[in-house]
Amino acid sequence: MKNLESLTALELGELIRRRAVSCEEAVRHCLEVMERREPRISAFLEISREKALSDAKEVQKRVDADDQTLSPLAGVPMALSDSICIRDLKTTGGSRMLQNFHPPYSATVWERLKTGGAVLLGKTALDEFGMGVSGETCAFGPARNVWDNRWALDGSVAAVAGGEAFYALGSDGTGALRRSAAMAGVSSLRPTWGTVSRYGVVSGTSSLEQVGVVGRTISDCAQVLALIRGRDHRDSTTSQVQLADERSSMQEMKIGLPDCYFHQEGMDPCIKERVLSAAKQLEGLGAVLFPVELPIVDLILPAYFAIACGEASSNLARYDGIRYGYSANDVENLQELYIQSRSRALGNQIKKYILLGNLFLSEKENCYNKALQVRELVVQGLDNLFDRCDMILSPVVPSIPLPMEEKPSQLLECYRQSAFTALANLAGLPAVTVPCGYHSEGLPISFQLIGKPYGEGKLLTVADAYQKTDGFSKTSGEVEA
Amino acid sequence: MKIEDELLERLQEYSRIQLTKQELEIFPAEVGPILAEMDKLLSQKTDGVRRMGSPRVCFNVFREDVVEPSTANNAILEEAPARQGRYIRVPKAVE
Amino acid sequence: MSWEMVAGVEVHVELATKTKVFCGCANAFGAEPNTFICPVCTGMPGALPTLNRQVVNYALRAGLALGCDIAPQTAFDRKNYFYPDLPKAYQISQLSLPICQNGSLEIETKQVTKQIRIRQIHIEEDTGKLTHHPTQPYTLVDFNRCGVPLLEIVSQPDISDADEAIAYLENLREILLFLGVSDCKMQEGSLRVDLNVSVRRQGSKEPSVPTELKNINSFQAVGRAMRWEAARQIQVLEAGGKIQRETRRWDDANNRGIVLRSKEEAEQYRYMPEPDLPVLVIDHGWIERVQRELPELPREKRIRYQKEMGISHQQACTLTGSPQMAALFEQTAALCRNPREAAHLIAGEVARLCTETATRPEDLKVDAKKLAALADMIDSGRINRTVGKEVAERIFRLNVDPETYVAEHGLAMVSDPNVVEAAVRRVLREQTKSVADYRNGKERAFGYLVGQVMKSLKGKGDPALVHRVLHQLLDG
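**Structural notes on the overall build of chain A**
Looking only at helices and strands, chain A has 16 helices and 13 strands in total. Taking 481 residues into account, the globule formula puts the C-alpha radius of gyration at 23 Å, and chain A, at 21 Å, falls close to it. In terms of overall dimensions, chain A has C-alpha extents of about 60 × 55 × 45 Å along its principal axes. Expressed as a percentage of the 481 residues in chain A, the buried residues total 65%.

**Quick look at helix H1 (residues 9-17) of chain A**
Residue and element names in this part refer to chain A. Turning to H1, its buried residues are Ala-9, Leu-10, Leu-12, Gly-13 and Ile-16. Projected down its long axis, H1 carries its buried residues within an arc of 160°, all on one side. Elements in contact with the buried residues of H1: helix H2 (23-41), helix H3 (49-64), strand S6 (167-171), strand S8 (211-215) and helix H7 (218-228). Arg-19 sits one or two residues past H1 and shows a positive phi near 65°.

**A look at the sheet that holds strand S7 (residues 187-190) of chain A**
Residues and elements named next belong to chain A. Strand order in the open sheet made by the 11 strands is S1-S3-S2-S6-S8-S7-S12-S13-S11-S9-S10, with mixed pairing throughout. The open sheet has two edge strands with one neighbour each: strand S1 (44-47) and strand S10 (288-292). Going across the sheet, the axis of each strand differs from the next one's by a mean of 25°, ignoring polarity. In the packing of H7 onto the sheet, contacts are made with S6, S7, S8 and strand S12 (431-438), and the angle to S7 comes to roughly 35°.

**Looking at the nonpolar core**
Grouped together as the largest cluster of nonpolar side chains are 269 residues, with contacts concentrated most on A:Met78, A:Ala306 and C:Ala59. Ranked by the residues each element gives to this core, the list is headed by helix H10 (residues 297-315) of chain A, at 11 residues. Residues contacting C:Ala59, with those up to four places away along its chain left out, are C:Ile99, C:Cys100, C:Ile121, C:Ile123 and C:Leu151. Within the second largest apolar cluster, 47 residues are counted, among which are C:Tyr305, C:Val424, C:Leu465 and C:Val469.

**Some words on the packing of helix H13 (residues 432-439) of chain C against helix H14 (residues 444-456) of chain C**
Residue and element names in this part refer to chain C. As a packed pair, H13 and H14 sit with axes 8 Å apart at the nearest point and diverge in direction by 145°. Helix-helix and strand crossings are classified by hand; for H13 and H14 the assignment is left-handed. Listed contacts from H14 to Ser-434, Asp-437 and Tyr-438 of H13 are Ala-445, Phe-446, Tyr-448 and Leu-449. Of the residues in the contact of H13 with H14, the class split is 5 nonpolar, 1 polar and 1 charged.

**Let's talk about the interface of chain B and chain A**
Often, the extent of an interface is quoted as the loss of accessible area on bringing the components together. Of the residues lining the interface, 44 residues belong to chain B; the matching set on chain A comes to 60 residues. Where the side of chain B that touches chain A is concerned, the elements lending two or more residues are helix H1 (5-15), helix H2 (21-42), helix H3 (73-78) and strand S2 (87-91) of chain B. Broken down by element, the side of chain B that touches chain A gets its largest block of residues, 10 residues, from H2(B). Of the residues that constitute the side of chain B that touches chain A, the class distribution is 28 nonpolar, 7 polar and 9 charged.

**Here we look at the environment of C:Glu246**
Residues and elements named next belong to chain C. Mapped onto the secondary structure, Glu-246 falls in strand S13 (residues 246-251). Look at Glu-246 and you get partly exposed, because 18 C-beta atoms sit within 10 Å. With 35 residues separating them in the primary sequence, Glu-246 and Thr-211 have C-alpha atoms 5.2 Å apart.

**Considering the sheet that holds strand S9 (residues 138-142) of chain C**
Hydrogen bonds between backbone groups are what pair the strands of a sheet, and the pairing can be parallel or antiparallel. Read from one edge to the other, the open sheet built from 4 strands follows the order S1(B)-S2(B)-S9(C)-S8(C), with strand pairing classed as antiparallel. Looking at strand neighbours, the two that pair on one side only are strand S1 (83-84) of chain B together with strand S8 (129-132) of chain C, the edges of this open sheet.

**Let's talk about the confidence of the model for chain A**
Put simply, chain A has an average pLDDT of 93, and 95% of its residues get 70 or more. Low confidence marks residues 475-481 of chain A, where pLDDT is under 50. Its contacts with residues over four positions away, or in another chain, come to 14 contacts.

**What about the confidence of the model for chain B?**
With 98% of its residues at a pLDDT of at least 70, chain B reaches an overall mean of 93. No element of chain B has a lower mean pLDDT than H2(B), which averages 92, and none a higher one than H3(B), which averages 97.

**Examining helix H9 (residues 269-284) of chain A**
Owing to its 3.6 residues per turn, the α-helix brings residues three or four apart onto one side. Residue and element names in this part refer to chain A. Relative to the 22 Å expected for 16 residues at 1.5 Å per residue, H9 spans 22 Å between its end C-alpha atoms, a close match to the ideal helical length. All buried positions along H9 are accounted for by Ile-271, Arg-274, Val-275, Ala-278, Ala-279 and Leu-282. Each buried residue of H9 sits inside an arc of 145° when the element is viewed along its axis, so together they form one side. Across from the buried face of H9, at angles greater than 90 degrees, the exposed residues are Pro-269, Lys-280 and Gly-284. Against strand S9 (254-258), S10, strand S11 (391-395), S12, strand S13 (444-451) and helix H16 (456-469) lie the buried residues of H9. Just downstream of H9, Gly-286 is the residue with a positive phi angle, here 120°.

**Quick look at the interface of chain C and chain A**
Contact with chain C, which involves 25 residues of that partner, is made by 37 residues of chain A. Elements represented by at least two residues in the side of chain C that touches chain A include exactly strand S4 (77-80) and strand S15 (272-273) of chain C. In terms of residue class, the side of chain C that touches chain A is made up of 15 nonpolar, 6 polar and 4 charged.

**A closer look at the pairing of S9(A)**
All names here are of chain A. With 5 bridges connecting them, S9 and S10 associate as parallel partners. Residue pairing in the sheet places Ile-255 in a bridge with Leu-289 of S10. Of the pairings in the sheet, the one linking S9 to S11 comprises 2 bridges and is parallel in character. Residue pairing in the sheet places Gly-256 in a bridge with Ile-392 of S11.

Reading the values: the criteria
Residue numbers run consecutively from 1 along every chain, following the written order of its sequence. The order in which chains are written sets their letters, starting at A; the order in which ligands are written sets their numbers, starting at 1. Owing to the predicted nature of the model, reporting of local features is limited to residues with pLDDT of at least 70; listing and counting of side-chain atom pairs is limited to 80 or more, with chain, interface and lining totals taken over all residues. Strands are runs of DSSP state E lasting at least 2 residues, helices are runs of H or I lasting at least 4, and numbering of each runs from the N terminus. With the radius of gyration taken over C-alpha atoms, the globule rule is written as 2.2 Å times the number of residues to the power 0.38. With C-beta atoms placed from the backbone, a residue counts as buried when 20 or more other C-beta atoms lie within 10 Å of its own, as exposed when 12 or fewer do, and as partly exposed for counts between those limits. This arc is built from the directions going out from the helix axis to the C-beta atoms. Once C-beta atoms have been placed from the backbone, residue pairs whose C-beta atoms lie within 7 Å are recorded as contacts. DSSP calls a pair of strands paired once it identifies at least 2 bridges connecting them. Between N-to-C directions, angles span 0 to 180 degrees; the directions come from axes that are lines fitted to C-alpha atoms, helices contributing only their stretch in contact. By our criterion, buried Ala, Val, Leu, Ile, Met, Phe, Trp, Tyr and Cys residues that link up through C-beta atoms within 7 Å make up a nonpolar core. Less than a right angle of anticlockwise turn of the near helix away from the far helix marks a crossing as left-handed, whereas a clockwise turn marks it as right-handed. Any residue that is not Ala, Val, Leu, Ile, Met, Phe, Trp, Tyr, Cys, Pro, Asp, Glu, Lys or Arg is counted as polar, Gly included; the first ten are nonpolar and the last four charged. Looking at any residue, its pLDDT shows the predictor's confidence there, from 0 to 100. Given the number of residues in a helix, its expected span is that number minus one, multiplied by 1.5 Å.

Right, here's the structure in full:
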C-alpha cells in the first residue's frame with residue numbers, strides 16, 4: 001500500500017481524481033491506521049467500516065465515470081463529530097441521553113459533503129452537546145491526544161491528528177474544536193456565524209455554534225468550507241451569506257495584537273513566546289503588526305459564558321424522555337419522568353450549564369439579557385477595530401489545561417480556557433488556528449487568527465502563507481505509531 | 001451573586017434535574033468564581049442598548065406556504081420510548 | 001354601593017394557512033394522530049424553525065382590519081416551560097415586539113355602542129393535543145396540531161359586562177372569517193377564548209385583581225363564566241376579603257370556576273429572544289399591499305347592501321352570515337336584474353335550506369347563475385313567488401336549471417284574466433261559508449279564499465291578479 005500518511009486531503013483528492021490512488025486504497029489505509037491508533041486515542045464512537053468501503057466503491061464508480069459533480073475531495077476518507085446527524089445512523093451528541101438515537105434526517109453539512117463524494121469513516125467523540133474544554137465530557141469516554149494521551153481531545157481533532165482521517169467536521173459551540181486543534185498540531189477553521197448550516201447539528205448553543213473544519217493544513221480546511229457553506233432553506237440564519245473575501249496578498253496585511261491577551265494573568269510564557277514568534281514570522285512575510293485594544297475585553301468572556309449557559313438550558317430542555325432518547329421507565333408520574341430521565345442520562349457537567357443557564361435567564365439574575373447587550377457593544381466596537389486592521393492574532397489558550405486524571409472543575413476550566421476563543425463565539429467571527437511550535441512539555445502550540453465577519457479569505461491568506469514556510473503543518477507523519 | 005439552597009431548589013425545578021447530595025454540596029462553591037464574573041457583567045451600563053440574540057441580525061427570511069409531505073412521521077414515531085398506536089404515551093401529570 | 005365589571009378578552013385564533021408556522025407540515029384537522037409531523041415540530045435534535053410568510057400576511061390582514069399600528073420591526077421570543085404537548089420545551093411566541101398594537105373594535109349591545117381597544121396581536125405556535133385517560137394514569141400525545149400558527153389577540157380591559165364580551169367576540173369572529181384568515185370554529189378549537197375578569201366599586205378607578213378564566217367553549221359560556229366570576233369576587237370583597245391572582249378553569253356543566261394555579265406559583269417562563277429566527281422588517285410597501293388586498297368587511301357590506309341595493313337590515317345580516325353566503329349573494333346580484341329579488345331568494349330560501357340540511361358555509365355550493373336566472377323569472381312575473389320558492393329548493397338540492405324545470409313542470413304563472421276569473425267564480429260557488437264569513441266582516445276568510453283559488457290554479461296564479469278579481473267579484 002502506498003504511504004498516504006504524509007498527504008494532505010487536497011493532495012490525496014488529486015491523486016484519486018487522477019486515479020493514481022483508488023478510493024478503496026485510501027479507506028483501507030485509514031482503517032489500518034485506526035486499528036493501530038484507536039486503542040490509544042479512542043477518537044471514534046462508531047466506526048463504519050463496511051459502509052466506508054462500500055461508499056468508497058460507489059465514489060470510485062463516479063470517479064471512473066468522470067462525474068463532474070464530484071468535489072476536489074471526492075474519495076478522501078473523513079470523519080464527522082457525533083454532533084452531526086446522519087439519517088438512520090446512531091447520533092449521540094456525546095450524551096447518554098441520545099445513546100440509541102437514530103435521526104430520520106441528515107444534517108445539511110453532511111448531505112453537501114456526500115453529494116461531492118465524501119467517504120465517512122465514522123462518528124467521533126465530543127464534549128456532551130458540544131460544551132466543554134476539549135472533549136473531556138463525552139459520556140462514552142473522551143478521545144485522547146496522540147501526542148500525549150493523558151490529555152483529552154475533541155474526537156474530530158484526535159482523528160485528524162492521529163492520521164486516521166484526512167479531515168473532519170466538528171462543533172465549535174464553546175471553542176472546544178479550536179482548543180483541541182491547538183493542542184494537537186492540526187489546523188482548524190471556524191466559519192463566520194451564519195455561513196454554515198446548523199440544521200441537523202446537535203448542540204447546546206445556537207448563537208455561539210458553528211460547524212468547524214479540522215484538517216492537516218489550512219488549505220484543506222478552506223476546501224472543505226467551500227463545500228459546506230452557503231444558504232440552507234432549513235436554517236433561516238444562513239440567509240445572508242456573502243462571498244468570503246478573495247484571498248489577497250500578504251503585503252500590507254494589517255494584523256492586530258490584543259495587548260490584554262498577551263499580558264493576562266496566568267498566560268503561559270511558553271505559549272506566549274511561540275505565538276509572538278509566529279507573529280514575527282508573519283511580519284517577515286510582509287504583514288504589518290501593531291497592538292490593538294479589544295472593546296469591553298473584560299466582559300467578553302462572561303457574556304459568552306452567560307449566553308452559552310442560557311441557550312443550553314433552553315436548547316437542552318427538549319430532552320425529556322418523551323419523544324426520543326433515554327426515558328426512565330420506572331416512574332409513576334410526569335414530573336418524575338422528566339426529572340429521572342434528565343438526571344440519569346445527562347452528564348455531570350452539562351447539568352451545571354443548564355442550572356446556571358436557568359439562573360441567568362431568571363428575572364432577578366438576568367445576566368443573559370445583559371450579555372446580549374454586551375454582545376451588541378462588542379460587535380459595534382469590533383466594527384471600529386476592523387477598520388484599523390484586517391484581523392487579530394492571539395494565542396488559542398492561556399495555558400495547557402490539566403491532564404484528564406487531575407480532575408479539575410470542568411466548568412471553571414472551560415470558562416478560563418475560553419479566554420481567547422470566546423470572542424469568535426460571541427461575535428460570530430471567523431477564526432483559524434495554525435500550529436506554530438511545541439510546548440516545553442511536548443504538546444503542540446498554535447496561534448489563532450480572528451477575522452471580521454465574512455473575512456475568511458484574508459485569514460486563509462495569512463495562515464496559508466505561514467504554513468508554506470514553517471515546518472509545523474503536517475503532524476501525524478512525525479508522530480510515532 | 002450567591003446560590004442559596006432555596007435558589008438551587010428552584011433552579012433544579014426549572015431544569016427538571018435533581019442533583020445528588022454530593023453535587024449539591026459542591027455546586028455553590030464551584031460556580032462561585034463564575035458568579036463573581038457575572039456580577040462584573042451585571043454592573044456594565046447598557047441603557048438603551050439592544051439585545052442581540054445572535055451575532056448577526058438576519059431580516060425577513062421566509063418559507064412559502066407550500067406543503068412539504070411529512071415523510072419522516074413514522075420514523076419519528078419509531079424513536080418514541082412509549083406509544084399507544086400512533087399516539088405517544090406519557091405518565092399522567094399529578095393534578 | 002354598586003359594583004361594575006372590568007374585563008378583558010384574550011382570543012387565540014388558528015390561522016388557515018396550508019402549512020404550520022415554523023415547518024412545512026400540513027396544517028390540517030382530523031387526521032390520524034402524529035401524521036403531519038416532522039423533526040421541527042416534534043423538537044428533534046438539530047431541527048430549526050423556518051417562518052411561513054403567509055402567517056405574517058394573515059397577521060397583517062387582521063391587524064389592519066382591526067385598526068392596529070403595525071410594528072416596523074418585530075421579532076420572536078422563546079417562552080420556556082415543560083409540558084408534554086410542547087416538544088421543544090419552549091413555545092416560540094412574541095413578547096417584546098408584537099407584530100400589531102393599539103387597535104380597536106366597535107361593538108353594539110342593547111345598552112351601549114362603544115369601542116373595545118385591542119392592546120396587541122402577536123404570532124405564536126400552537127401546542128400538541130393531550131388526551132388524558134379517564135381512569136388509567138397516562139396521557140396520549142398527538143403532535144398534529146403542534147406548530148399550527150396562532151394569532152393571539154388581546155383586548156384592553158374595556159369590557160363591562162357579558163353582553164359586551166359576546167358582542168366583541170361575535171364581531172371579531174365575523175371579521176376574521178371575512179378576512180379569510182381563520183375558520184373560527186370554537187367547537188373545533190380554531191377559536192379559543194380566555195377571559196380576565198375583575199370588579200370594582202362604581203366610581204372607583206382601581207379594579208380588583210383580575211382572575212383568568214380558561215376552557216370557555218362557547219359564546220354563551222362566556223356570559224355564564226363572567227357573571228359567575230364577578231359574583232364570586234363581589235362576595236369575597238364585600239366580606240372584607242382580597243382577591244388572589246388566580247387562573248381558573250371554567251366548568252360549564254357545573255357552572256363554576258375551579259382554581260388551576262395561583263399566579264404567585266406561576267412558572268417562570270424565562271423569556272429569551274429566539275436566536276434561530278430572523279427579525280421581521282415590515283415596510284410601508286408590504287403594509288400597503290395587504291391594505292389594498294383587504295377584502296370588504298361584513299359591516300361595510302351590510303351598509304353597502306342597504307344603501308346601494310335597498311336590502312333590508314335584517315336581510316343584510318343574514319346575507320353576511322358567512323363569507324360564502326355573501327359571495328353567493330354578490331355573484332347572484334351582479335347577474336340578475338333586481339338585487340332585492342336575489343336577496344329574497346338567498347336570505348329567505350337558501351339560508352333556510354342551509355339550516356335544514358345542516359350545510360356548513362364552506363360546503364355551500366349553489367350556482368349563482370341559476371339563482372340569478374330564477375330571480376329574473378320572478379322579477380318579470382313569469383313565475384310567482386311560491387313557485388319561486390319551490391324552484392329555489394330544487395336548485396339548492398338538485399342543481400336544476402330553472403328555465404327547464406319551470407317548462408317541464410308547467411309552472412309558468414297564470415295571468416290570463418279569463419282563466420283566473422273562471423277559477424275565482426268556481427271557488428266562490430263552492431266556498432259559500434267562507435264567502436258568508438267574509439261578507440260578515442271576517443277579513444281572514446279572504447286569505448282563505450285566495451288560498452283556494454291558488455290551489456285550483458295549482459299554485460301558479462298571479463297573486464296580484466287573483467287578489468284583484470276576488471275583490472271585484474266579492475265586493476263589486
